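Fold and geometry: a report
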Amino acid sequence: METIPHHHPTPAAPAQPAAPAGGTETATLNIEGMTCASCSNFVEKALSRTPGVQRATVNLASEKATIEYLPGQIDRAGLKAAVEQAGYGVHEPVAPASPNVLASDQELDQRKAEAYQKLKRRFQVAVGLAVVIMPLSMLMLWPRMMNLIPTPVLNYVLLALTLPVLLYSGREFYVSAWNGFRHRTASMDTLIAVGTGAAFLYSLAATVIPHWFMQRGIMPEVYYDTTATIIALILLGKVLESRAKSKTSAAIKALMGLQAKTARVVRGGQEVDVPIEQVVPGDEVVVRPGEKVATDGVLLSGHSAVDESMLTGESLPVEKKQGDNVFGATLNKTGSFRFRVSKVGAETMLAQIVKLVEEAQGSRAPIQQLADKVSAVFVPVVVMIAIVTFVLWFDFAPEATRLPLALVNFVAVLIIACPCALGLATPTAIMVGTGKGAEHGVLIRNAEALEKAEKVTTVLLDKTGTITRGEPSVTDFVPVTGEATDRLLPLLAAVERQSEHPLAEAVVRYADAQGAAALSATAFQAVEGRGASATVDGQAILLGNRRLLIEHQVPMTAAAEQAAAQLLDQAKTVLYAAMGGQVVALIGVADTVRDTSVAAIRHLQQKGIEVVMMTGDNPQTAAKVAEQVGIKRYFAEVLPADKAGKVKELQAEGRVVAMVGDGINDAPALAQADIGLAMGGGTDVAMEAAGITLMRSDLQGVVTAIDLSRQTMRTIKQNLFFAFIYNTLGIPIAAGLLFPLTGWLLSPMLAAGAMALSSVSVLTNSLRLRAYKRTA
Amino acid sequence: MDTTQLIVTLAGVGLLAFVGWFFFLAPHRVAAAVSSSAGIQQVDIMVKGGYSPDVIEVERGKPVQLNFYRDEENSCSEELLLPDFNIRRDLAPFKTTAIEFLPQQAGTFAFTCGMHMLRGSLVVK
């Protein structure tokens, strides 16, 4: 230890008259470098002598100084200086404005690992000794052996073997029970400590003063084997529990681990690898094939396919081109590209997902209410039942055996009771369930949302953007003059490439998908509300609505009229193309149904859920789409403002309604529904309004969400049922309730085994959810 | 019923009453939050077989930082739940874990250990 200066200069704070009492403020400083009680005394004195300080107390254990001071005379910096001048440091906690949820607490993990190792060692010692104590205790079953070793000697040997189990392996139970006792709280450790403590103390008395027992006609039996075995079994339960528990948060750990460690940033024209923490918004980052995208941003140049499955659960890579958003932790597949960083750290999509899952795991599940109430009084009540058990056995058992019987049943009651199973039943299932959801791109906001989703009887779908893609695409290309599509399409696409209209984009996408050659257009002219004209390959081309052609005096042919009528009948938008003053082709454009919609809707219906569609379209279009995807009931011509009303209408029919929408203009409907599912992922508005956010832009996510919620809730119910039944049956049996009828008594060792297995069973049941696979 | 049985029975009844009184009628240790210079309401809470203080008073609308110092290794207290604020946090043994949140509404909110046996309450005024 460093030498302590005996005369330390006080900080140069001018002496001022004392401020009126009551004007003090309190500061807490984290002191570093204190190794013993004299250090803390020294710091305390140094602070107390500092002008302006009214009172200072330093806690060695928490390494904290609590200082009352007069703000007029000294401030926090002055206090810090006083500590530093005394030879110690002050650790200023950096106030994290937005704590980065992705920075997993390595120290915490390390401590947990250490605690687990320690627990395992304690268990091993307990088992090692218990396997010696058990057969030794049974020696009395062989009278010949008993003649060789006198009972008192054997008892002392057993005592010597049991002491380490108690003092090393079981120490924590007693320490914890004592700590709780001082706070007038009781936990599971209280039960174990009282149970094993009673068995041990009785045995100790029987070993040291056997005559006292014999004078009263009681055999001085010892229960060292019971004591050691209970501790070994409960530690076994704890080891298994600790192992299983760490798995419940595996999904969120995996999410956190996805974050890239470095990014290749362009700085001063050079590509340099920098740690992710140093990347700031506005940086330009280079991503090569096979690399992880470092953080969120907007693609500047290059194009590629990016695997976003880790965020959205969508297994197919997503095409990315200039202007598209890219997200941190996703995997670049084919091409290389550069992007401009838009978000870092806690702002990124990955961090938002982690935060949402963490919050869901910390939320309260209404189903757990009863278990919580029981837990709160559980231990004291069990202690009371054990006392009653003892008294009843003592009063009613034959005189020679009443004390050992009362004791054994008292211990059995304390040991079999397992409040842990109750406490673990709900949260472990919710942790696994929400983690599993995130893996599939289903973000569950809280436990209540999970409970609601389970009860859903009706799913209301907003057509546009959910069942359909929400953007127009070309469905029909009809040449009407015999001119080949191969020749026409490149010409028309060349015109549309110049346009920014959504319909034009649809034509370009279609042409690209068909592999049409890219030609260039000249003399491009957009005609507001009509379409566009341009010259391609020497041909004057018109492309737009019917009005455009009429205004350019292009006559309609019979073939064109017929094709147009057919397309309009299918509720499609028709684009007319003319070349050299003649109609050459018609293009049918419509919002198309997603490939996955039909299957997803069928899955929902198979689960007994009615699927209802809602759309702003006219009844004909609505009927077409509904028929196409197998929906029987739909609402057409619903104004955006009436969407919430439709939800209410369904609710009035006694249905539990899940509303699926894109989250932006559906917010009131999402909020009105029993459970709102926002699709299309990630926008803050959607996440706010919805109980469940679907990262994938298709209806399969709805199936996954409802499926997963049903399975999770089933698991929770199984767990709670088991935990309640276990305790309500186990405690009376341990108390010997069956003895008058069947002669059954439960050995405390069996009770310990049952208790260790009960909490592990609940955990294992929750972990079964990890095997959840989404349908299709 | 012999004398010993009478004594055991009376002692048992006495013990029952004691257990009930001791655990169910335990007094609360109340502490009001202290505002730091940055306007954050801070309270230091010792976690050792329970929470002390176990009733925390804070004002609404101001950020709160609860500093939980876990002075034990026993697994009962390893998790801290504040479900009304969607918080579930691991407390490292012999370390201070700061939990920050913003209480918007007045009311009494429970905080408990992972098994709901150790409990305290947050009173937002």
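In this text the structure is predicted, and so the values were computed from the model without any measurement. Within each chain, residues carry numbers counting from 1 in the order of the written sequence. Naming scheme: in the order in which they are written, chains are lettered from A and ligands are numbered from 1. Totals for whole chains, interfaces and linings use every residue, but because this is a predicted model, local features are given only for residues with pLDDT of at least 70 and side-chain atom pairs only at 80 or more, for both listing and counting. Hydrogens and waters are ignored; side-chain quantities use all the structure's heavy atoms.

Notes on the sheet that holds strand 4 (residues 89-91) of chain A
Residue and element names in this part refer to chain A. What counts here: In this scheme, strands are said to pair when DSSP sees at least two bridges between them. Numbering goes from the N terminus for both helices and strands, where a helix is a DSSP run of H or I of at least four residues and a strand is a run of E of at least two. To obtain an axis, a line is fitted to C-alpha atoms, over the contacting stretch when the element is a helix, and the angle between two such axes runs from 0 to 180 degrees between their N-to-C directions. In what follows, residue pairs with any heavy atoms lying within 4.5 Å of each other are defined as contacts.
Reading across from one edge, 2-3-1-4 is the order of the 4 strands in this open sheet, with antiparallel pairing throughout. Across the chains shown, the open sheet's two edge strands, defined by having one partner strand only, are strand 2 (53-59) and strand 4. Between one strand axis and the next, the sheet turns by 35 degrees as a mean value, whatever way the strands run. Two strands pair when backbone bridges link them, and strand 1 (residues 25-32) and strand 4 are joined in this way by 3 bridges, in the antiparallel orientation. Paired with asparagine 30 across the bridge in strand 4 is histidine 91. Across the face of the sheet, helix 2 (residues 76-85) comes into contact with strand 1, strand 2, strand 3 (64-69) and strand 4 while running at roughly 35 degrees to strand 1.

Let's talk about a nonpolar patch on the surface
Keep this limit in mind: Candidate patch residues must exceed 30% relative accessible area and have no salt bridge, after which like charges are joined if within 9 Å and Val, Leu, Ile, Met, Phe, Trp or Tyr side chains if within 5 Å. Exposure was quantified through the Shrake-Rupley algorithm and a 1.4 Å probe, taking into account, for residues, occlusion by the shown protein chains and nothing else. In what follows, salt bridge is the name for a side-chain nitrogen of Lys or Arg lying within 4 Å of a carboxyl oxygen of Asp or Glu.
Taken together, the side chains of A:Trp178, A:Phe181, A:Val377, A:Val381, A:Ile385, B:Leu15, B:Phe18, B:Trp21, B:Phe24 and B:Leu25 define a hydrophobic patch exposed on the protein surface, amounting to about 920 Å² of accessible area. Taken together, the elements giving at least two residues each to the nonpolar patch come down to helix 6 (171-182) and helix 13 (369-396) of chain A together with helix 1 (3-24) of chain B. It is helix 1 of chain B that contributes the most residues to the nonpolar patch, 4 residues altogether. Note on placement: B:Trp21 falls in helix 1.

A word on helix 23 (residues 619-629) of chain A
All names here are of chain A. Definition in use: The classification of residues rests on relative accessible area computed with a 1.4 Å probe and restricted to protein chains. Under 20% of the type maximum is buried, over 50% is exposed, and intermediate values are partly exposed. An arc is given here, and it is the one of the directions from the helix axis to the C-beta atoms.
Listed as buried for helix 23 are Thr621, Ala622, Val625, Ala626 and Val629. With its buried residues spanning 130 degrees around the axis, helix 23 presents them on a single face. Facing away from the buried side of helix 23, by more than 90 degrees, are the exposed residues Gln620, Glu627 and Gln628. Its buried side turned inward, helix 23 meets helix 17 (463-467), strand 21 (582-593), helix 22 (597-606), strand 22 (610-614) and strand 23 (633-635).

Structural notes on the interface of chain B and chain A
Counted only if it meets this: Here a polar contact means two N or O atoms within 3.5 Å. Within protein one must be a hydrogen donor candidate and the other an acceptor candidate, and residues neighboring in sequence count only if both atoms are side-chain atoms. Any residue outside Ala, Val, Leu, Ile, Met, Phe, Trp, Tyr, Cys, Pro, Asp, Glu, Lys and Arg is labelled polar, Gly included; the first ten of those are nonpolar and the last four are charged.
If you look at the interface, chain B gives 54 residues, while chain A gives 57 residues. Put simply, chain B and chain A have 5 salt bridges between them. In this assembly, chain B and chain A are joined by 17 residue pairs in polar contact (both at pLDDT 80 or more). Listed by contribution, the elements that provide at least two residues to the side of chain B that touches chain A are helix 1, strand 4 (51-52), strand 6 (64-70), strand 8 (87-90) and strand 9 (96-101) of chain B. Considering every element that reaches the side of chain B that touches chain A, the biggest residue donor is helix 1 of chain B, with 13 residues. Split by residue class, the side of chain B that touches chain A holds 25 nonpolar, 15 polar and 14 charged.

Focus on the pattern of salt bridges
All names here are of chain A. Under the counting rule described, the total for this entry stands at 35 salt bridges over all chains. Lysine 436 serves as the salt-bridge partner of glutamate 439, at 3.1 Å between the closest nitrogen and oxygen. Taken as a pair, glutamate 439 and lysine 436 lie in helix 15 (residues 419-439) at a separation of 3 residues, close to a single helical turn. Overall, glutamate 439 belongs to the partly exposed group, its relative accessible area being 44%. Relative accessible area serves as the criterion here: at 11%, lysine 436 is assigned to the buried category. In the salt-bridge network here, residues are joined through shared partners; they are Glu271, Glu284, Arg288, Arg338 and Arg340.

Section: the pairing of strand 22 of chain A
All names here are of chain A. Counted only if it meets this: Here, the term right-handed applies to a crossover whose path from the first strand over the helix to the second runs clockwise when the strands point away from the viewer.
Counting buried positions along strand 22 yields 4 of 5 residues, so the element is predominantly enclosed. Sheet analysis places strand 15 (residues 458-462) next to strand 22, joined by 5 bridges and oriented parallel. Within the sheet, the bridge partner assigned to leucine 460 lies in strand 22 and is valine 612. Taken together, the 3 bridges between strand 22 and strand 23 define a ladder with parallel strand orientation. Each residue of the ladder has a partner; that of methionine 613, found in strand 23, is tyrosine 634. In terms of handedness, the path from strand 22 via helix 23 over to strand 23 forms a crossover that is right-handed.

Worth remembering: the numbers are spatial, not functional.
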